[in-house]
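Architecture and fold: a report
The chain contents come next:
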Amino acid sequence: MITLKEALKLSKDELKKFKEELRKDIEARAELNGYVEVLDHGDGVPIAIKDNIQVNGWSVTSGSQILQGYIAPYNATVIDKMSEAGLSAFGRTNMDEFAMGSTTESSFYGKTQNPHNADCVPGGSSGGSAAVVGAGLAIAALGSDTGGSIRQPASFCGIVGMKPTYGRVSRFGLGAYASSLDQIGPMTQNVEDAAILYDIISGHDEKDSTSVDMKDESVTDKLNSDRKLKIAILPKYIEDASNDVKHAYGVAIEALKKAGHTIVEKEMIDAKFDISAYYITATAEATTNLARYDGLRYGSRVEGKNLKDTYFKTRSQFGAEVQRRILLGNFVLSSGYYDAYYVKAQKVRQLIKQNYENIFKEVDLILSPVAPRTAYESGSLEDPLEMYLSDIYTISVNLAGLPAIALPIEKNADNMPVGLQLIAAPFQEQTLFDGALSLEKSL
Amino acid sequence: MFEIVIGLEVHVQLNTNTKLFCSCPTSFNHKQNRNTCPTCLALPGALPVLNKEVLHKSIMFGEAVGATVNRTSYFDRKSYFYPDSPLAYQITQLYTPVVEHGVLELDFEDGTHKTIRINRAHIEADAGKNIHEGDTSKVDLNRAGTPLLEIVSEPDMRSADEAILYLKKLHSIVRYLGISDANMQEGSFRVDVNVSIRPRGDEKLYTRVEIKNINSFRFIQKAIEIEVKRQSEAWEDGVYEDEIVLETRLFDQNKQETRSMRGKEEAADYRYFPEPDLLKAIVTEEMYEKYSKIPELPDAKRDRFVKELGLTEYDANVVTSTLEMANFLEEMIAEGATAVGANKWLTGELPARLNNGMTLETSPINSKLLATLVKRIEDKTISNKAAKDVLDYLFENEVSVDEAIDKLGLKQVSDTGAIEKMVDDIMVANADKVEQYRGGKDKLFGFFVGQTMKASKGSANPQVVNEIVKAKLG
Ligand SMILES: [Zn+2]
């Protein structure tokens, strides 16, 4: 597959021809089920779009039954920004319902396969986007990352996935899961493409109050893999990871040393706090964000015998995991429990932020696993608690609002990709991409 | 034996051009669901952006009631399902409202005063409207997302009268500030009343009952009286604990009763938490400087009218009770009417003629017309009595004051020559009465004045007639 950088040089005619071929390739590998629908939104460089990002005129459903029949009447800001830069939405990709999941198995459209092994999951929730890029069926894709939903599937599918600093990329038009954690980000074949796509979609947006009003500085033209950085490693933190991941961690450390970076050892607070703070915050926000799906104004309504019954029947269309998180969110917000759960979770969130701040006083980047292991076999991660624990290495980045990038390090004995992530201080995307490019080159 | 405890929550719809969190217009007269967008329809991915105009108007209100205007306030989500609430949560300010700790002064007719504390005023989004047509229910979301300022008093009022006085004062303040149309019928000034009773001398607050959305001062007064009666009777019958529960009741104006809206067992849990889609609302020093310079308020205007215009305290209170009247008075004075004359006609004769829902604004008599009428009395062109006929005529006919006077032939005759001639004729025709008067029958003076007025068909200036009759009779 040609890179994004190369594709941007193609003429309109060449792009047209390319897309015709691409359609055939997608058809030929229909069993991958990465795309849920191949739609074309313009004549720019085609970018695959996760099914929770609004594209005017498209059916956009967040992988859910409840949004069947809904046609988005407006573009997300990232879609408009892409159009301005000569890119256009091409195909919507499969995802866990409302981005709640780590395997892309909970979608209304069925499972997506891992391009490296059809019996394995592509990760989630942006599993469709990761799979189509990993399978050579997309130049690049957009995903969204609330607790690792870009980085973990990128890692499982052997591609690059980047989560920007919270506030860097407009959330306007992103079907919300957890408002204070969600970010849209690029999923690409290499680090440079990620930087290019990041530059295109980032920037202040008045339509998103949480978008940060900072001078837009592009990172691509300043990419510098020769910068010597101080990079923290976390020996204790990785103890729970699989041997594959530990091996890749060692490989990456050697590569970084070889490239001239300074490696220092640091410690993170126990990740079990991350899990609690994350699942309380995310479900509290999600339960309200998903409350609008009542079937009254749009989407799939199931008529009941009265209003209450209609609410009940309509909202029973949510899948099990979504229902579980709605219930959990309602519980942690209910009177009598609010202080014990939600308020405490926000305090923990502050502690996690401080933990990172302290580390970033001394280092430029942190090297961390993305997932405890490589891609799971389909159906093997059915226990919700086990699934929540699989997010252990990604969620603190969202809780602290940091930028991070997952990139492939090596393949294990089963030929499955192993990825790791680099994490930077808020708004230090330049450093993040510089370090990631250096690591990519030195592997 | 019981003391009444009343607290009031007033939802004031702010008259901003656009909605609270999107750029849809706030006018509702458009076709149903026309003034909507992804944000106020709660489409997937749409986000709220705070309309700064709402902060500006909140600052003005805070300043008007001597409150603290928080330089940083926050929004919270209040969850509940209802078809007119597209997000299924209301964006409001629970934990840190924009305005806190204000006061409102009540002045009673007997000259006493009372200070009512305002706990807070917070910004929140209005809901849409459900329309029920037979078996079907429809939702109109034109109003959804319109900014409200909810003004919450402390439970400081002790009678229905005090509550009404507070509401009228509050109403007049927001109208003076120009931050709301405050139209009760149209729902831009909505009142929820919290009522409880307690044995006199008891400091404890007992169970409060909320009565929702009553749309006139008169009905609010009635609703409070009826609810107090219900609670007092329950107490006296020994069933207070069972019958008076923390709940919301509706006032039924036809049946003259309050009725439970939802049972205790269904008490709502709103699951409030901070709104993650909005950052803190910041009032900058610059913004505060600009919007804390508020127009003259009712109390200040009243004091000025007493001091500068020579109105009595009572008259000044009445005329400043609404901005429309106060402005009308000032316009009349600018037209050359005296303050006392203008006030008398503005607060007496004019309102007496406003029938069938006609208001100061819809009446055909504008300030210039009424001022001219008063001036014609003051320059003795017409008598006070004739002016009333002129005013009646002006209600029916679109003419100037002078045209009306001519038409009605009511111009006063002050020409002494003409009046002297009339008096002479009357004295000749009534020579016997002249004799009797001169013989000491003083009462006959009125007879000569009356005859002269009659001869002039009422157009003679009575004062001039008086003087001439007196001189001629000697
Ligand atoms: Zn709108």
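All values derive from a computational prediction rather than experimental measurement.

1. Some details on the overall build of chain A
- Of regular secondary structure, chain A possesses 14 helices and eleven strands.
- In summary, chain A has a C-alpha radius of gyration of 20 Å against a globular reference of 22 Å for 443 residues, a match within 12%.
- The C-alpha extent of chain A, read off along each of the three principal axes, is 70 × 60 × 45 Å.
- In chain A, the share of contacts with a sequence separation of at least 24, taken over all contacts with a separation of at least 6, comes to 74%.

2. Here we look at the interface of chain B and chain A
- If you look at the interface, chain B gives 25 residues, while chain A gives 34 residues.
- Residues that form the side of chain B that touches chain A fall into these classes: 19 nonpolar, two polar and four charged.

3. Considerations on the confidence of the model for chain B
- Put simply, chain B has an average pLDDT of 90, and 98% of its residues get 70 or more.
- Here the complex is predicted with pTM 0.90, and the ipTM for its interfaces comes to 0.96.

4. Some points on the nonpolar core
- Counting 239 residues, the largest nonpolar core has I47 of chain A together with V390 of chain B as its most contacted members.
- Counting residues per element, this core draws most heavily on helix α2 (residues 160–177) of chain B, which supplies nine residues.
- Contacts of V390 of chain B, omitting those with residues within four sequence positions, involve L373, I382, V401, A404, I405, L408 and L410 of chain B.
- Within the second largest apolar cluster, nine residues are counted, among which are M422, V423, I426 and V469 of chain B.

5. A short note on the environment of E285 of chain B
- Relative to the elements of secondary structure, E285 of chain B occurs in helix α5 (residues 285–291).
- In this structure, the C-alpha to C-alpha distance between E285 of chain B and R71 of chain B, residues 214 residues apart in sequence, is 8.2 Å.

6. Details of unusual backbone geometry
- Cis geometry marks the peptide bond from G124 of chain A to S125 of chain A, where omega comes out at 5°.
- Along the chain, S125 of chain A falls in the loop between β3 (87–93) and α4 (127–134).
- Its identity is not glycine, yet Q256 of chain B carries a phi of approximately 55°, on the positive side.
- Topologically, Q256 of chain B is positioned in the loop between β13 (247–252) and β14 (257–260).

7. Brief notes about the domain arrangement of chain A
Residues and elements named next belong to chain A.
- As assigned here, chain A comprises domain 1 (4–267 + 355–442) and domain 2 (271–346).
- With 27 residues of domain 1 in contact, the opposing surface of domain 2 contributes 23 residues.
- Considered class by class, the residues forming the side of domain 1 that touches domain 2 number 15 nonpolar, eleven polar and one charged.

8. Side note on the sheet that holds β14 of chain B
Residue and element names in this part refer to chain B.
- Strand order in the open sheet formed by nine strands is β2-β6-β7-β10-β1-β11-β12-β13-β14, and the pairing between neighbours is mixed. A single partner strand is all that each edge strand has here, and the edge strands are β2 (68–69) and β14.
- Inspection of the sheet shows strand β6 (residues 99–107) paired to strand β7 (residues 113–125) by eight bridges, in the antiparallel sense. Each bridged residue has a counterpart across the sheet, and for L104 the counterpart in β7 is I116.
- With respect to the sheet, α2 is in contact with β1 (2–13), β6, β7, β10 (147–153) and β11 (189–199), its orientation differing from that of β6 by roughly 115°.

9. Examining the domain arrangement of chain B
- We note that the domain assignment places domain 1 (2–290), domain 2 (303–408) and domain 3 (416–473) within chain B.
- Placing a centre on the C-alpha atoms of domain 2 of chain B and another on those of domain 3 of chain B gives a separation of 33 Å.

10. Overview of the environment of D145 of chain A
Residue and element names in this part refer to chain A.
- Mapped onto the fold, D145 is located in strand β4 (residues 140–145).
- Considered as a pair, D145 and V397 are 252 residues apart in the sequence and their alpha carbons are 10 Å apart.
- Once residues within four sequence positions are removed from consideration, D145 is found in contact with I150, R151, K163, Q183, G185 and N398.

11. Some points on the environment of T96 of chain B
Residues and elements named next belong to chain B.
- Here T96 lies in the loop between β5 (89–92) and β6.
- On the basis of neighbour count, T96 is assigned to the partly exposed category, with 17 C-beta atoms found within 10 Å.
- Once the C-alpha coordinates of T96 and D76 are considered, the two residues, 20 residues apart in sequence, prove to be 9.0 Å apart.
- Apart from the residues lying within four places of it in its own chain, the contact partners of T96 are N70, S73 and Y74.

Rules of the game
- Residues numbered from 1 in each chain as written.
- Chains lettered and ligands numbered in written order.
- Predicted model: local features only at pLDDT ≥ 70, side-chain atom pairs only at ≥ 80, totals over all residues.
- Helix = DSSP H or I, 4+ residues; strand = E, 2+ residues; numbered from the N terminus.
- Rg over C-alpha atoms; globule rule 2.2 N^0.38 Å.
- Contact = placed C-beta atoms within 7 Å.
- Nonpolar A, V, L, I, M, F, W, Y, C, P; charged D, E, K, R; others polar.
- pLDDT = per-residue confidence, 0-100.
- Core = buried A, V, L, I, M, F, W, Y, C linked by C-beta atoms within 7 Å.
- Buried ≥ 20, exposed ≤ 12 C-beta atoms within 10 Å, placed from the backbone.
- Domains from an automatic or database assignment.
- Pairing = 2+ DSSP bridges.
- Axes fitted to C-alpha atoms, helices over the stretch in contact; angles between N-to-C directions.

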